[in-house]
Amino acid sequence: MPGSLEEQTVYIFAPTGRDARLIVDTLSEADILAKTCSSRDELSRALQTGAAAAIISEEALSSQDVQELARHLESQPFWSDLPILLLTFAGRPTPQNISSGRAAEVLGNVTLLERPLRPMTLRAAVRSAIRARMRQYQLRRRQESLQHAISELEQFAYSASHDLREPLRNIAIFSELLEKEHLAALDKTGRQYCNFVRASAKRMETLIDDLLAYTRLNDDESHNEPTTADAAKCVEMALASLSTAITESGAEIEVGPLPVVSMRSTHLYQIFQNLLANAVKYRGEAPPRIRVSASREEGFGWRFAVKDNGIGISPEYQERIFGLFKRLHTNAKYSGSGIGLAICQRIVQRSGGKIWVESEPGRGSTFYFTVKHERLAPGGRG
Amino acid sequence: MVVVEDNPGDIYLIRQALEKRGIGDLTVLQDGEAGYIFVTEVERGAASPPDLFIIDLSLPRRSGPELLARIKTSSAFAHSRIIIASSSYSSRDRSVASRLGADRYFVKPSSFDQFMTIGALAAELLDEGSS
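Thresholds applied
- Residues numbered from 1 in each chain as written.
- Chains lettered and ligands numbered in written order.
- Predicted model: local features only at pLDDT ≥ 70, side-chain atom pairs only at ≥ 80, totals over all residues.
- Heavy atoms only, no water.
- Buried < 20%, exposed > 50% of the residue type's maximum accessible area, 1.4 Å probe, protein only.
- Helix = DSSP H or I, 4+ residues; strand = E, 2+ residues; numbered from the N terminus.
- Arc of directions from axis to C-beta.
- Contact = heavy atoms within 4.5 Å.
- Pairing = 2+ DSSP bridges.
- Axes fitted to C-alpha atoms, helices over the stretch in contact; angles between N-to-C directions.
- Parallel < 35°, antiparallel > 145°, perpendicular 65-115°, else oblique.
- Nonpolar A, V, L, I, M, F, W, Y, C, P; charged D, E, K, R; others polar.
- Right-handed = clockwise from strand over helix to strand, strands pointing away.
- Buried area = accessible area lost by both parts, 1.4 Å probe.
- Salt bridge = Lys/Arg side-chain N within 4 Å of Asp/Glu carboxyl O.
- Polar contact = N/O pair within 3.5 Å; in protein donor to acceptor, adjacent residues only side chain to side chain.
- Core = buried A, V, L, I, M, F, W, Y, C linked by side-chain atoms within 4.5 Å.
- Disulfide = S-S within 2.5 Å.
- Domains from an automatic or database assignment.

Novice: Quick rundown of helix α3 (residues 64–72) of chain B? Include the residues and the values.
Specialist: Residue and element names in this part refer to chain B. Within the sequence span of α3, burial applies to G64, L67, L68, R70 and I71. Relative to the axis of α3, the buried residues are bounded by an arc of 160 degrees and lie together on one face. Buried residues along α3 sit against β1 (2–4), α2 (32–44), β3 (52–56), β4 (81–86) and α4 (91–99).

Novice: Can you lay out the sheet that holds strand β2 (residues 27–29) of chain B for me, pointing to particular residues and giving the numbers?
Specialist: All names here are of chain B. One open sheet accounts for five strands, arranged β2-β1-β3-β4-β5; its pairing is parallel. Two strands in the sheet have a free side with no partner beyond their single neighbour: β2 and β5 (104–107). When strand polarity is set aside, the average angle formed by the axes of neighbouring strands in this sheet is 20 degrees. As defined by bridge partners, β4 adjoins β5 across four bridges and the pair is classed as parallel. Paired with I83 across the strands is R104, a residue of β5.

Novice: Lay out the packing of helix α1 (residues 17–29) of chain A against helix α5 (residues 119–181) of chain A with the relevant residues and their values.
Specialist: Residue and element names in this part refer to chain A. Where α1 meets α5, the axes come as close as 10 Å, and the angle between the chain directions of the two elements is 70 degrees. Considering the angle they form, α1 stands roughly perpendicular to α5. In this structure, α1 uses I23, T26, L27 and E29 to contact α5, whose residues at the interface are P119, L122, R123 and V126. Considered class by class, the residues forming the contact of α1 with α5 number five nonpolar, one polar and two charged.

Novice: Before we move on, could you go through the pairing of strand β4 (residues 84–89) of chain A and cite the residues and values that matter?
Specialist: All names here are of chain A. With five of six residues buried, β4 is to be regarded as a mostly interior element. When strand β3 (residues 53–57) meets β4, the two strands line up parallel, connected through four bridges. Bridge pairing links I55 to L85 in β4. Taken together, β3, helix α3 (residues 63–74) and β4 form a β-α-β motif whose crossover is right-handed. As judged from the six bridges shared by β4 and strand β5 (residues 110–115), these two strands associate in the parallel manner. Within β5, the position partnered with T88 by the bridge is E114.

Novice: So what's going on with the interface of chain B and chain A? Which residues, and what values?
Specialist: Chain B puts 19 residues into the contact, and the matching count from chain A is 18 residues. Roughly 1,500 Å² is buried in total at the junction of chain B and chain A, and carbon and sulfur atoms are behind 47% of that figure. Linking K180 of chain A and D113 of chain B is a salt bridge whose minimum nitrogen-to-oxygen distance equals 3.7 Å. The interface formed by chain B and chain A contains six residue pairs in polar contact (both at pLDDT 80 or more). Every element with two or more residues in the side of chain B that touches chain A is listed here: α1 (8–20) and α5 (112–115) of chain B. The class makeup of the residues in the side of chain B that touches chain A is six nonpolar, seven polar and six charged.

Novice: Could you give me a rundown of the side chain of T370 of chain A, with the residues and numbers involved?
Specialist: All names here are of chain A. Mapping T370 onto the fold places it in strand β12 (residues 365–372). Polar contacts involving the side chain of T370 include one to the main-chain amide nitrogen of K354, which spans 2.9 Å. Residues contacting T370, with those up to four places away along its chain left out, are E297, F300, W302, R303, V348, G353, K354 and W356.

Novice: So what's going on with the environment of Q192 of chain A? Which residues, and what values?
Specialist: Position of Q192 of chain A relative to the elements: it lies in helix α6 (residues 188–216). Sequence separation between Q192 of chain A and T370 of chain A is 178 residues, and the spatial gap between their C-alpha atoms is 47 Å.

Novice: Lay out the nonpolar core with the relevant residues and their values.
Specialist: Residues and elements named next belong to chain A. Counting 40 residues, the largest nonpolar core has L268, F272, L276, F304 and F369 as its most contacted members. The element contributing the most residues to this core is helix α9 (residues 265–281), with seven residues. With sequence-adjacent residues up to four places away left out, F369 is seen in contact with L268, I271, F272, L275, W302, R303, F304, V348, K354, I355 and W356. Counting 24 residues, the second-largest nonpolar core is a separate cluster that includes I32, A53, L85 and L87.

Novice: Would you mind going over the state of the cysteines in detail, with residue names and values included?
Specialist: Residue and element names in this part refer to chain A. Inspection of the entire model under this criterion finds zero disulfides over all chains. Between C234, a free cysteine, and C344, which holds the nearest cysteine sulfur, the sulfur-to-sulfur gap is 13 Å. Look at C234 and you get buried, because its relative accessible area is 3%.

Novice: Which residues make up the domain arrangement of chain A, and what values go with them?
Specialist: Residue and element names in this part refer to chain A. Taken domain by domain, chain A consists of domain 1 (6–143), domain 2 (146–219) and domain 3 (224–372). For domain 2 and domain 3, the distance between their C-alpha centroids amounts to 26 Å. With ten residues of domain 2 at the contact, the number on the domain 3 side is 14 residues. In total, about 1,100 Å² of surface goes out of reach between domain 2 and domain 3, with carbon and sulfur atoms giving 61% of it. Taken together, the links from domain 2 to domain 3 amount to zero salt bridges. The interface formed by domain 2 and domain 3 includes zero residue pairs in polar contact (both at pLDDT 80 or more). It is α6 that contributes the most residues to the side of domain 2 that touches domain 3, seven residues altogether. Here the residues of the side of domain 2 that touches domain 3 are counted per class, giving five nonpolar, two polar and three charged.

Structure representation (structure tokens):
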């Protein structure tokens, strides 16, 4: 059974010791672990170390107690929703009845039980609460093992990438030295082999760098980077990083008015950098014409679009291109690692948005992605 | 000079880089355990402490950071300078090295000319030490 002994125990807080003891006896007869708390502090301490459920009689709760408990319950982890059984008196309205009503509203997972209470009713209600609590413990265990698996996987990808880099460096450097210092000793075929080695090493280095960038997306979460990004600035930076390719291809780029959105600016930059690089790279005969724009997405936030006049993508590949290492072209024709769009997708999905492409072969592509509105808008929405 | 490095290619390159700077007296240890043994020998007076260590970050048996921490706890190496060399440009690895007291962190590059700059780094540290 999941959970410690405390986590399987029902705590009872009733001001008259006699009531509390009666409840403990009733529950013990049904093999339910139960303990009494003689003060609110004791109850708070018990709830802190873990509890299956709490049984509280209404006359024990001052409105300050209710507030205190509510505060405690609000700080529960996401998997936890402590069941509370509140014992009230049936019939006549009293000040206690009123504070019970309020307690039922603010304490979350509350079941009201009216006294006088039959032992059978009490046991059934407590059993049901414990069952629900056990489910919560299962959820916690799942969550923990999932979190563990994810961090191990990320650690693995990270270390593997670094360890792969080590021999690769040597391949790059020594094939470079072979060409530099022993060129005369090599015939034409030998030089060609050398070229293949160097080009492959270079390509592998790009792959590893991109893979590292992909795994590192998680590291970024803990950084204290502001969570609003000026899309216009991100596009500007992305264009600056691509200036050589843009000049060489003769690309014309039009950028519409762009908003400020709730996303890390390094992430938004990465998205634009990848989409714009692709728009320039996968061009047809004509020089690239690219348009970046944004429009409001009703009830959600913003939808960005990067439109090009390039070679386009057949419908059957339009979903596949966002997968890790998915490529449609040989490296000789269009070089790439197949990670760029996977990075974009990961960033967009993590912030609750979507990314997709609309395209027809030979008639250009438009990549869309959505960004949610921030709940509060301290930096404005542009 | 003591180089603790397990990759023969990197040993060759480091040797080249140092020779170009006229630094020739080189002891090469091929794993972290050998580094540990060397440290103990120096403490016993059976070997003299080097002016400079170049230590690879990921070594077999005992890692670079482990060896670095061991050296730093020993007064015998008060005047030894330390370069940690690594293929990793992760800020985590870099900050571990500096926290443990490395004088420099060298990211091993993938071009020959850039790799040779470790020679200048070594020379600079040796100059600082002698002045």
